[in-house]
Amino acid sequence: MTPGDTIVAPTTPYGHSGVANIRISGSGALNILSKLSGGQVFSSRCVTLSSLKDLDENIIDRCLVTLFLGPESYTGEDVVEISSHGNPAIVDAFVRTVCECGGRLAEPGEFTRRAFLNGKIDLVQAEAVTAIIHSKSIESSRSQQKILGGSLSKILTSLQTGLSALLSRVEYQLDISEEAVSISEKETLSSLLGGVTTTVKQLKGTYALGRLLNNGATVVIVGETNVGKSTLLNCLSGSDRAIVSDVPGTTRDSIEVELLLGGVPVLFIDTAGLRTTQDVVEKEGVNRTYRHIKAADLIISLTDRPNKKHFTQSNKPIINVLNKQDLRGEKTNSARVIHISSKQNKGIGALKNRVMRELGVNNMSTEMTYLSTNRQYLAIKECSAALDRANSFIALSAFDCELFSFEIRASLDAVDSILGNTSPDDILNHVFATMCVGK
């Protein structure tokens, strides 16, 4: 990335469509537009119809052009948006001509990176851009729209202010006081520390639901052969996704179906039946089942008779389900067992509700602001640990101002890193490289 140069990229997917969009950003954007349009005058934030040409004066397309003068643009630079017919040949011609006029093809995420570097957005908002593009549900998109609008940034900025005030106060004590910190001052520091600690703990607690909403959850269906795992998967998905047969060992590899439950993408995995076998292929299927169990968020243990034991070899949450009620009608006395008939679609609604309850989907609200990336969570976890250490120091009778100040500084650095104020280049490179080229 070269700061200040002019970049170009299509912002719509490659292929044939009614409309395609090409974005140009940088100090040379206006000059390039003048060359393409033959000196036509454009007003900022006004859509203008124009016939744009290549350097040989051949018309590339008659299209709509919107000019955004910096710093009032997405990137903070001069930006030109060209809306042309959605023909890949036309899009390629525009990109090629812009490059011939002094521009270059944008790197992945470079437009958003420039917006970040120019102070238009912080790193949390930049991550929200990627999340919106890849959201699998409208609920996830709404949640990320709030973050892009600054909801999480406001909380973190408030934390910065609180921690900075606390740090200033304790460092003032270090500068002017040659005596031990007074009891009243310790109480004041403790009160300020308690306020920011509460906010940090609350924010840390949102990650589980934020991860669920944005990344989804994995539910693995396990059980012996022929208990109806594949039939249950088909029933959940509403299609014949898995092959159903009375022959033991029919499912030798995992079959996956993703469903939206309460706006959360939940991946259901039908696995090979758990049993001892000498068949090499089937044995590998069983091994894969155990690998899926290890990575699961929730396990559905399926049996078809009350006297059969449910799967217990995991510390993950397990829902016990008794299938084939249409054939046998036998029930258990346990209220924790869900009775279903996959073949007749009975009890499936109750099972889905239980899955949602076990995963915590019922506790979710798109009105809340969540931590949604592992990077954010690890940083706030580091902040929380530093505040806990600071709290342990202030509880001592021999209060060490320097150690207390060090931990408050560490917690403030952690919050700064979430917003991108102190993030190293390798973290920034990772965040923006995961975006598409046109963003």
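To be clear, the structure that these remarks concern was listed above.
(A) Expanded view of the pairing of strand E8 (residues 255-261). Taking every second residue as pointing to the same face, the buried face of E8 carries Ile255, Val257, Leu259 and Leu261, while none of Glu256, Glu258 and Leu260 on the other face is buried. Connecting E8 to the next strand, strand E9 (residues 264-270), in antiparallel fashion are two residues, including Gly262 with a positive phi near 60 degrees.

(B) How the structure looks around the packing of helix H4 (residues 123-134) against helix H5 (residues 138-148). Packing of H4 against H5 leaves a shortest axis separation of 8 Å and a crossing angle of 155 degrees. Classed by the angle they form, the pair H4 and H5 counts as roughly antiparallel. As H4 runs across H5, the sense of the crossing is left-handed. Residues Val124, Gln125, Ala128, Val129, Ala131 and Ile132 of H4 lie in contact with H5, whose contacting residues are Ser141, Gln144, Gln145, Ile147 and Leu148. When grouped by side-chain class, the residues that make up the contact of H4 with H5 number seven nonpolar, four polar and no charged.

(C) Seen up close, the pairing of strand E11 (residues 318-322). The element E11 is largely enclosed, with a buried count of four among its five residues. In this structure, strand E10 (residues 298-303) lies alongside E11, joined through five bridges in parallel fashion. Each bridged residue has a counterpart across the sheet, and for Ser301 the counterpart in E11 is Asn320.

(D) Structural context of the sheet that holds strand E3 (residues 47-53). Ordered in space as E3-E4-E5-E2-E1-E6, the six strands form an open sheet in which the pairing is mixed. In this open sheet, the two strands that pair with only one neighbour each are E3 and strand E6 (104-105). The pairing of strand E2 (residues 17-25) with strand E5 (residues 79-86) spans eight bridges and is classified as antiparallel. Directly across from Ile24, in E5, lies its bridge partner Val80. Strands in contact with helix H2 (residues 88-100) are strand E1 (7-10), E2, E3, strand E4 (59-68), E5 and E6; relative to E4, the strand with the most contacts, it is inclined by about 65 degrees. Helix-sheet contacts for helix H3 (residues 110-117) involve E1, E2 and E6, and the interaxial angle to E1 is about 135 degrees.

(E) Spotlight on the environment of Lys439. For Lys439, the location among the structural elements is in the segment after helix H14 (425-433). Residues Lys439 and Asp56 lie 383 residues apart in sequence; the distance between their C-alpha atoms is 30 Å. If we skip the residues at most four places from it in the chain, Lys439 touches Arg23, Tyr74, Gly109, Glu110, Phe111, Thr112, Val129 and Ile133.

(F) Structural detail: helix H12 (residues 374-394). Here H12 contains 21 residues, and its C-alpha end-to-end distance of 30 Å stays within 8% of the 30 Å for a straight helix at 1.5 Å per residue. All of the buried residues along H12 are Arg375, Gln376, Tyr377, Ala379, Ile380, Cys383, Ser384, Ala386, Leu387, Ala390, Phe393 and Ile394.

(G) Fine view of the pattern of salt bridges. Throughout the structure, instances matching the rule amount to 17 salt bridges. Here Glu127 makes a salt bridge to Arg375, at a shortest N to O gap of 2.8 Å. Residue Glu127 is found in helix H4, and its partner Arg375 is found in helix H12; the two are separated by 248 residues along the sequence. Exposure class is identical for Glu127 and Arg375. Each is buried. Three or more residues are tied together by salt bridges with common partners; here these are Asp5, Glu77, Arg104, Glu110 and Arg114.

(H) Up close: helix H7 (residues 183-204). Compared with the 32 Å implied by 1.5 Å per residue over 22 residues, the 31 Å span of H7 between its first and last C-alpha is a close match. If you check which residues of H7 are buried, you get Glu185, Lys186, Leu189, Leu193, Val196, Thr197, Val200 and Leu203. Seen from one end, H7 has its buried residues packed into an arc of 110 degrees, which puts them on one side. The exposed residues of H7 that point more than 90 degrees off its buried face are Ile183, Glu187, Ser191 and Gln202.

(I) Quick peek at unusual backbone geometry. The linkage connecting Gly70 with the following residue, Pro71, adopts the cis geometry, with an omega of 5 degrees. Assignment of secondary structure puts Pro71 in the loop between E4 and E5. In this structure, Arg45 takes a positive phi of about 65 degrees despite not being glycine. Assignment of secondary structure puts Arg45 in the loop between helix H1 (29-37) and E3. Of note, the phi angle at Asn226 is positive, near 65 degrees, even though the residue is not glycine. Inspection of the secondary structure puts Asn226 in the loop between strand E7 (217-222) and helix H9 (229-237). Look at Asn226 and you get partly exposed, because its relative accessible area is 31%.

(J) Quick peek at the packing of aromatic side chains. Applying the stated criterion across every chain yields a total of three aromatic pairs. Ring geometry for Tyr207 and Tyr377: centres 4.4 Å apart, planes at 15 degrees, overall stacked. Note that Tyr207 is positioned in helix H8 (residues 207-215) and Tyr377 in helix H12, a separation of 170 residues in sequence. Of the two residues, Tyr207 and Tyr377, neither departs from the other in class, the shared state being buried. Seen in terms of ring centroids, Tyr290 and Phe311 are 6.5 Å apart; in terms of plane orientation they differ by 50 degrees. Their pairing is tilted. Here the residue Tyr290 occupies a position in helix H10 (residues 280-295), and Phe311 occupies one in the loop between E10 and E11, the gap between them amounting to 21 residues.

Parameters and conventions
Within each chain, residue numbers correspond to sequence positions counted from 1 in written order. Per-residue local features of the predicted model are confined to residues with pLDDT of at least 70, and side-chain atom pairs are confined, for both listing and counting, to 80 or more; whole-chain, interface and lining totals are unaffected and use all residues. Side-chain numbers come from the whole structure's heavy atoms, not from hydrogens or water. Note on classification: 1.4 Å probe, protein chains only; a residue is buried when its accessible area is under 20% of the maximum for its type, exposed when over 50%, partly exposed between these limits. Strands here mean DSSP runs of E at least two residues long; helices mean DSSP runs of H or I at least four residues long; both are numbered from the N terminus. For two strands to pair, DSSP has to find at least two bridges joining them. Angles run from 0 to 180 degrees between N-to-C directions of axes, and those axes are lines fitted to C-alpha atoms, restricted for helices to the stretch in contact. Convention used here: angles under 35 degrees read as roughly parallel, angles over 145 as roughly antiparallel, angles from 65 to 115 as roughly perpendicular, and any remaining angle as oblique. Whether a crossing is left-handed or right-handed is set by the direction in which the near helix is turned from the far one by less than a right angle, anticlockwise for left-handed and clockwise for right-handed. Only heavy atoms enter the contact rule, under which two residues are in contact if any of them lie within 4.5 Å. Three classes are used: nonpolar for Ala, Val, Leu, Ile, Met, Phe, Trp, Tyr, Cys and Pro, charged for Asp, Glu, Lys and Arg, and polar for all others, with Gly counted as polar. To estimate how far a helix should extend, the number of its residues minus one is multiplied by 1.5 Å. Salt bridge, as applied in this entry: a Lys or Arg side-chain nitrogen positioned within 4 Å of an Asp or Glu carboxyl oxygen. As used here, the arc belongs to the directions running from the helix axis to the C-beta atoms. Note on aromatic contacts: the rings of Phe and Tyr and the six-membered ring of Trp form a pair at centre separations within 6.5 Å, being stacked when their planes are under 30 degrees apart, edge-to-face when over 60 apart, and tilted otherwise.

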